[in-house]
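Read off the chains here:
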Amino acid sequence: MQSDQTGPAANTTDDGKNPARTQPDDAPPDTDTNTTPSTPAAPHRRARPWLLALLLVALIALLVYRPAWRADAAAWARTRAMETFHISPRDVYGARLRIAGLADSALGERWRSAVARAGEDPGRFSTRYATRGTFEPDTIEAHVFQTALERGERFKVRLLRDAPACTDCRSALYADIQRRDADSDDPNAWATVRMLRTDGEAEDFVAERDGDYRVVLQPELAAAVGYKLAMARGGSLSFPVTGAAARDIGSGFGAPRDGGARKHHGVDIFAARGTPVIAVADGRVRTGTGGIGGKHVWLSSGMLGIGGARYYYAHLDSFNVESGDSVSTGDVLGYVGNTGNARTTPPHLHFGIYTRFGPIDPAPFLRPAPDLPES
């Protein structure tokens, strides 16, 4: 099929435009030529620095006298800093070994190289994987589990470590997710993107880049640790056509159009005329009735429809929303048709995803949601 467009229609209508920004009549001018150095500052301006200082003191006092809050704040700050600078707790432990003079010892060297050794032959999985593992105190090793993710896929992990055998022994289990970009020429260019909990709570994130992703587990030196691990990968969005699935996609992203003059910037999902199409995210909508997309809807996600991805629904038979409406995930936006340049094709939805960098492939977003196996 060669019916779909590469971008928004030229004559999109928008009944929900924001009014032009004008300065209110009672707003103060940008400059005040009548103000002299002797004019006293407004009382609220003099009080503002003191108010901020008092708020800061109050916050510090709360953290001092509320140990639980202090611990939570410290953990949050530590996690954010480590994720920002790609520093894992394992890296911190390695630094501690170096300070203690153990990093260059035989044991320290073997501990530092354990991840690289395990990464030469990692456990690999495609969709779902579960395992149980043990680190013996007389061994120095790491366990690595690897998969490849495309942008838009959701990666879900559940890790539960066994209870320590003693209360005062060293038994930390370092666990994190690392990424190596698909276009990297360095096979060792792994960066920590997420630290993992070890309490059995499921965690997930959506891949922002294509690449290899791996879960890395490693205990402290001489630690005896057992664990249960479950992982799954899948789509991050609900399917935009009611009752349809990936099998109903008839034309993929990047397919040639107009004899190769342009490329298909979305996927075509075939369904019966009148099948509801639904919002895949919370946001605001804008409708249009012309161009090669025919009747179409733009759904802008993010706060107030600003700052997030935009989702494009084209060739609709009719609308269920109006421009400017706010919608929630799962709301019906309209119904499958073949308007626009799809008049000679069977009814279908052209679905596209656009970011500030341009169109991206929706297919990885639309795969079945990840389903964790029992470990």
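Reference entry: report on the structure contained in this document. Here the structure is a predicted model, which means the values were calculated and not measured.

Cut-offs applied
Residues numbered from 1 in each chain as written. Predicted model: local features only at pLDDT ≥ 70, side-chain atom pairs only at ≥ 80, totals over all residues. Heavy atoms only, no water. 1 Å grid on protein atoms, 1.4 Å probe; cavity = no way out; pocket = protein on both sides within 12 Å on 5 of 7 lines; lining within 4 Å. Points joined across faces, edges and corners; volume = space filled by probe spheres on them. Nonpolar A, V, L, I, M, F, W, Y, C, P; charged D, E, K, R; others polar. Phe/Tyr/Trp six-rings, centres within 6.5 Å; stacked < 30°, edge-to-face > 60°. Helix = DSSP H or I, 4+ residues; strand = E, 2+ residues; numbered from the N terminus. Buried < 20%, exposed > 50% of the residue type's maximum accessible area, 1.4 Å probe, protein only. Pairing = 2+ DSSP bridges. Axes fitted to C-alpha atoms, helices over the stretch in contact; angles between N-to-C directions. Salt bridge = Lys/Arg side-chain N within 4 Å of Asp/Glu carboxyl O. Arc of directions from axis to C-beta. Contact = heavy atoms within 4.5 Å. Core = buried A, V, L, I, M, F, W, Y, C linked by side-chain atoms within 4.5 Å.

Let's talk about unusual backbone geometry
Point 1. Non-glycine residue Ala-222 carries a positive phi angle of around 65°.
Point 2. In this structure, His-315 takes a positive phi of about 70° despite not being glycine.

Brief notes about empty space enclosed by the protein
Point 1. Tallied over the entire structure, the rule returns one cavity of 30 Å³ or more.
Point 2. What the largest cavity holds in volume is close to 50 Å³.
Point 3. Taken together, the residues of the lining of the largest cavity sort by class into seven nonpolar, one polar and three charged.

Brief notes about the packing of aromatic side chains
Aromatic ring pairs are defined here through the distance separating the ring centres and the angle between the ring planes.
Point 1. The full count for this structure, using the stated rule, is eleven aromatic pairs.
Point 2. With centroids separated by 5.9 Å and ring planes inclined at 35°, the aromatic side chains of Phe-135 and Tyr-227 adopt a geometry described as tilted. With Phe-135 in strand β2 (residues 128–135) and Tyr-227 in strand β9 (residues 225–235), this residue pair connects regions lying 92 residues apart in the sequence.
Point 3. Among the residues examined, Phe-135 registers a relative accessible area of 1% and is labelled buried.

Details of the environment of Leu-149
Point 1. Looking at where Leu-149 falls in the secondary structure, it is placed in strand β3 (residues 143–149).
Point 2. We classify Leu-149 as buried; its relative accessible area is 3%.

With respect to the sheet that holds strand β7 (residues 203–206)
Point 1. On the basis of which strands lie adjacent, the open sheet formed by four strands has the order β2-β9-β4-β7 and antiparallel pairing. Each edge of the open sheet is held by one strand with a lone partner, namely β2 and β7. Each strand axis lies, on average, 20° off the axis of its neighbour in the sheet, ignoring direction.
Point 2. Bridge count between strand β4 (residues 153–161) and β9: nine bridges; the pairing is antiparallel.

A closer look at the pattern of salt bridges
Point 1. Applying the stated criterion across every chain yields a total of 13 salt bridges.
Point 2. Residue Arg-112 is joined to Asp-104 by a salt bridge in which the shortest nitrogen-to-oxygen separation is 3.6 Å.
Point 3. Overall, Arg-112 belongs to the partly exposed group, its relative accessible area being 35%.
Point 4. In this structure Asp-104 comes out as exposed when scored by relative accessible area, which is 71%.
Point 5. Here Glu-109 and Arg-112 are joined by a salt bridge, their closest N and O atoms 2.5 Å apart.

Brief notes about helix α3 (residues 89–99)
Point 1. Within the span of α3, buried status applies to Arg-90, Tyr-93, Gly-94 and Leu-97. Along α3, the residues classed as buried sweep out an arc of 105° about the axis, all on the same side. Projecting away from the buried face of α3 at angles above 90 degrees are the exposed residues Arg-98 and Ile-99.
Point 2. Where α3 is buried, its residues meet α4 (106–112), α5 (114–119), β5 (173–181) and β8 (211–219).
Point 3. Positive phi shows up at Gly-101, right after α3, with a value of about 80°.

Considering the nonpolar core
Point 1. Of all hydrophobic cores here, the largest spans 28 residues; its most connected members are Val-241, Tyr-311, Tyr-313, Leu-333 and Phe-351.
Point 2. Elements with a contribution of two residues or more to this core: β13 (267–270), β16 (295–303), β17 (306–319), β19 (332–336) and β20 (348–355).
Point 3. Counting residues per element, this core draws most heavily on β17, at four residues.
Point 4. Not counting residues up to four positions away in its chain, the partners in contact with Phe-351 are Pro-240, Gly-266, Val-267, Ile-269, Val-280, Tyr-311, Tyr-312, Tyr-313, Pro-362 and Leu-366.
Point 5. Core analysis: the second largest hydrophobic core is formed by 22 residues, Phe-135, Leu-196, Ala-223 and Leu-229 among them.

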